[in-house]
Amino acid sequence: MLSPRVSPLFRPSSSSLQHAVFPCAVRPLSTSPPLPPSDSSHSSHNLTLVRTSDYPGYLTGLLLPSSLRPKFYSLRAFNVETGMIKDLTKRGNEDVVKSKLNWWREGVSLCYDYKDGLISEEEKLHYPHFRHPTLSSLSTHKYDPSSRLTLYVNKIGPYSNPQETYPYYSLPWCKPEEGHQVNEKKEGVSIGETLEGHELRNSGYHIFFGVNSPHSETSCSQTLQKNDVLELRRAVQQQYFYQMYFDDLPVWGMVGENVQGEGGSYIFTKRHLEVGYNGDRVVEVNMTSDGLEPIEVGHELEFSLTVTWHRTSKSFHNRFERYLDNEFFEHQIHWFSIFNAFMMVIFLCGMVALILVRTLRKDYQKYERDEEIDLEGMERSIVEDSGWKQVHGDVFRPPKYLMIFASLIGTGWQLIVIIAGVILFAIAGPVHGDVYEERGEVITAFIVCYTLSSVVAGFASGRYYRQFFGTPRLEASSRWQMTMGVTVLLLPCVAAVVLSGLNGIALWYGTTASIPFGVMFKIFAIWCFVSIPLSVLGTMFGRHFGRKNSFPCRVNSIPRQIPDPAWYGNPVFLVPLSGILPFGSIFIELYFIFTSYWNYKFYYVYGFMLLVFIILAIVTMCSTIVSVYFLLNAENYHWQWTALFSGGFSGFYVFLYALYYFYFKTNMTGLLQTCFYFGYMGLQSFGMSLLCGTFGFASASWFVRTIFQNVKVD
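Residues numbered from 1 in each chain as written. Predicted model: local features only at pLDDT ≥ 70, side-chain atom pairs only at ≥ 80, totals over all residues. Heavy atoms only, no water.

Another point: the overall build of the protein chain. Per the secondary structure count, the protein chain includes 26 helices and twelve strands. Counting the 714 residues in the protein chain, one finds 50% classified as buried. Taking the contacts inside the protein chain whose residues are at least 6 apart along the sequence as the reference set, 78% of them involve residues at least 24 apart. On the protein chain, roughly 34800 Å² of surface is accessible, and the fraction owed to carbon and sulfur atoms is 60%. (Helix = DSSP H or I, 4+ residues; strand = E, 2+ residues; numbered from the N terminus. Buried < 20%, exposed > 50% of the residue type's maximum accessible area, 1.4 Å probe, protein only. Contact = heavy atoms within 4.5 Å. Areas by Shrake-Rupley, 256 points an atom, 1.4 Å probe, with all protein chains shown as cover.)

A few words now on the confidence of the model for the protein chain. On average, residues of the protein chain carry a pLDDT of 81, and 79% of them reach 70 or more. For the stretch residues 112-136, pLDDT sits under 50, and the model shows 43 contacts to residues farther than four places along the chain or on other chains. Taken together, the stretch residues 370-376 has pLDDT below 50 and engages in five contacts with residues farther than four places along the chain or on a different chain. (pLDDT = per-residue confidence, 0-100.)

Here we take up the nonpolar core. Counting residues in each nonpolar core, the largest one holds 138 residues, and the members touching the most others are Trp173, Phe246, Val282, Trp309, Leu632, Trp639 and Phe708. The dominant element in this core, judged by the number of residues it contributes, is helix α23 (residues 606-633), at 16 residues. Those residues in contact with Val282, other than ones at most four positions away along the chain, are Tyr143, Leu149, Phe209, Phe246, Asp247, Leu249, Val275, Gly276, Tyr277, Trp309, Phe316 and Arg319. The next biggest cluster of nonpolar side chains, apart from the first, holds seven residues, and it includes Leu49, Tyr58, Phe72 and Tyr73. (Core = buried A, V, L, I, M, F, W, Y, C linked by side-chain atoms within 4.5 Å.)

As a further point, take the packing of aromatic side chains. Applying the stated rule across the entire model yields 67 aromatic pairs. Plain terms: the ring middles of Phe594 and Tyr657 are 5.7 Å apart, the flat faces sit at 35° to each other, and that makes the pair tilted. Residue Phe594 is located in helix α22 (residues 571-598), and its partner Tyr657 is located in helix α25 (residues 650-665); the two are separated by 63 residues in the primary sequence. Relative accessible area serves as the criterion here: at 12%, Tyr657 is assigned to the buried category. Over the ring of Trp173 we find Arg271; its NZ or CZ atom is 5.2 Å from the centre of that ring. Between the NZ or CZ atom of Arg543 and the centre of the ring of Trp480, over which it lies, the distance is 4.3 Å. (Phe/Tyr/Trp six-rings, centres within 6.5 Å; stacked < 30°, edge-to-face > 60°. Lys NZ or Arg CZ within 6 Å of the ring centre and 35° of its normal.)

On to the pattern of salt bridges, then. Any two side chains of opposite charge can pair, on the condition that their charged atoms come close. Taken as a whole, this structure holds nine salt bridges when the rule is applied. In this structure, Arg319 and Asp247 form a salt bridge, with 2.8 Å as the shortest nitrogen-oxygen distance. Of the two residues, Arg319 is situated in the loop between β12 (300-311) and α12 (326-329) and Asp247 in the loop between β7 (240-246) and β8 (249-254); the sequence distance between them amounts to 72 residues. In this structure Asp247 comes out as buried when scored by relative accessible area, which is 7%. When salt bridges with common partners are traced through the structure, they connect Glu193, Asp248 and Arg439 into a single cluster. (Salt bridge = Lys/Arg side-chain N within 4 Å of Asp/Glu carboxyl O.)

We now examine unusual backbone geometry. The backbone phi angle of Gln239 is positive, close to 55°, even though this residue is not glycine. Mapped onto the secondary structure, Gln239 falls in the loop between α11 (226-237) and β7.

Shown next as C-alpha cells:
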C-alpha cells in the first residue's frame, strides 16, 4: 500500500487560517471540486483523511481552537493529496497528474480571488470549481472537463441464479488503496431500487471525464490464501458475474473462467473500460476483461483498470437503446401471437353474440308463448320446466361467504387498476423517462399505484356488499366493517407472508435481495397512513353511493333445489375449460415477460403488453359468459363463485407454465433461487387469478342482469 508523502507546499500560520476560505471548502484531490464553506461533510472527510494518512498533523490540529480546526485539516488534506502526485507520476499516469495540477492551480487562485471580492456571484457560476457536483453531474448527467466520475459496483453472483446476488466486495479480492472512499454507498436510492436488490457502492477507482489512462492503474495487489482460493474457485466454477454502473449505464463482466485442458480455474485481473462521450455527456460504456491468472495458494494477483475515452456522434437520449434486444422482443412470432389472440377474440365475441342474439331470442319466444291445451302444448309445457328462467327467484341470492367474496372482488378491481396504471406509466416513458433506464422505477410505480388504488378496492367491495342489505333491518345485521377490514388486509397479508419467508432466506444467505428494515418501515408507514385511509374512504363512498338491491327479479324466501346437472353443466368441467382460452391468448407474451425477468433482458415493448392485457380481458369475459350460461341452463343459480373461478383459473395455468419454464428454460439451482422463483411466481399467479376472476365476474354479472330483466315472471 502506498504511503502518501506530505507536501511542504502549505505551512499554515494562525493568520492564514483565520482568513482562508479555500481550505475550509476543499475536498480531496481524488474527489469533486471545492464547494461553498457551509458544506460540513467535506470537513468530516478531510478529518478522516488526515487522521489515516497524517497522524501527527491530526494530533497538532487537536491543539487548535475548534473554530480553526476545519481550516487546518483542510490544508493538511490538501498537502496529503499533493504528496500523492509523485507516486502517480511513477506509475505513468502523467495525463491524470497534469489535469489535477491544473485544476488545483485554478481552484486555489479562484477561491482566494473570490474571498477578496475579485469574482462576483454571477461570474462564480461560470467556473466549474464552484458548481455543486450533485447539480452539475448526477442529476443532469453533464460533466466538466477532467471532473471526476464514480464507477459504482453493484452486485455479484451466479449467472444462472438472478436472485442469488451478493455485495461486490463479498468475494475475497482486494480493494483499491486508502483515500479512495471505497465501499461508500450511493446516495438517493429509491425504495424500488432497494427492493430490486441493487446495492451501489463506490468502487474506489479514479476516473476523470475525457482523460485517458493508457497505463493500467494498479488498484491493489494481494497474495492468495487457502480460504481465498476456495471462494474464488467456487465463484469461477459457478460462473459468477458482476455488475457495475458508470453514469447510470450498466456494465457486466465475468469473475473468471475454467480453462479446458489445463484443469484449473483462472481469474481476470485486468479490466478495460471504454467510454464514449458526446459533448459533456457519457453516451456509451463497454468493459472487457483480460489478464487470466491462476487461482493458487501463494500466487500474487494485481488488479488493474484502464480507461479510454473517445468521441461519438450518438445521441444522449438514445444511449440506452443498445441494451434493448430488438431481435428478441420484436421477433415475428411476437407479432403472430398478437394476431392469433386477436382472432381468438373475434371467435369468442362471435360465440357470445350467437348466444345473446339467437339462443336467447329463442328462449324468450319460448317463454312468452301462450300455453295451449293440446299435445303440442303439453310438450311445450314440459320443455318450459327446464332452463335458465326457472332459477329467476334464486339467481340473485347473495353468494356463500359474502364477506370474503366482496373482498376478493374489491382486491381484483384494485389489481386491474394497478396493472393498467403501471402499463400506461411505462408507455408514457418518452414523457417522463423510459422505465427501463431507471433502476427500480417499475416497482416504485407499482407501489404508488397500489397505494392510490386502495380507494378502488374499498369502493368495489363496499358497493357490492351493500346491495344485499337493502332495508334498515338487514343493514343492521350486516358486517360491513369486517368486510372492509378483510379488503384492506387480503392482498398485503398474502404478499407479506410470502415475502417475509423469502426475506428470511435472503438474510440467511446474506444476499442483496434481502429487504432492509428501513425500507420495510417506509412501506409499512405508506400502507398505514395512506393506503388504509383511502380504502376506508372508498368503502364509505361505495356504501352511500352504490345502488341498493336493484335486482330485476325478486328473490324467493325458500331456496330452490338444484337438480343433478349434465356433464357440460357441471362447474367441475366448466371452470377448468373456461381458463384455457384466456391462458392461450397470453402464454406467448408470458414467455417474453419471464425471459426478460429471469434472463437479464430489459422489457420495453409495453405497447404489446397493453394489447395483450386488453385481449386477456375480452377473452376472459367472453369465456366466463359462456360458462355461466351453461351453468344457468343446468338450473344452478350459484353462478357468482363459478364466474370468479372460471375467469381466475387461468392463473393456475400460469403457475403450471412457470413450472415448465423453470425445468426446461432455466438452469436455476439451489434453495434460495428455487424459493424466490416459486414464491414470485406464486404471487403472480394469485394476482392473475384475482384479476381475471374479477373480469369474469363483472361480465357474468352484466350478462345475468341483462337476460333476466327481459323476461316476464309471474
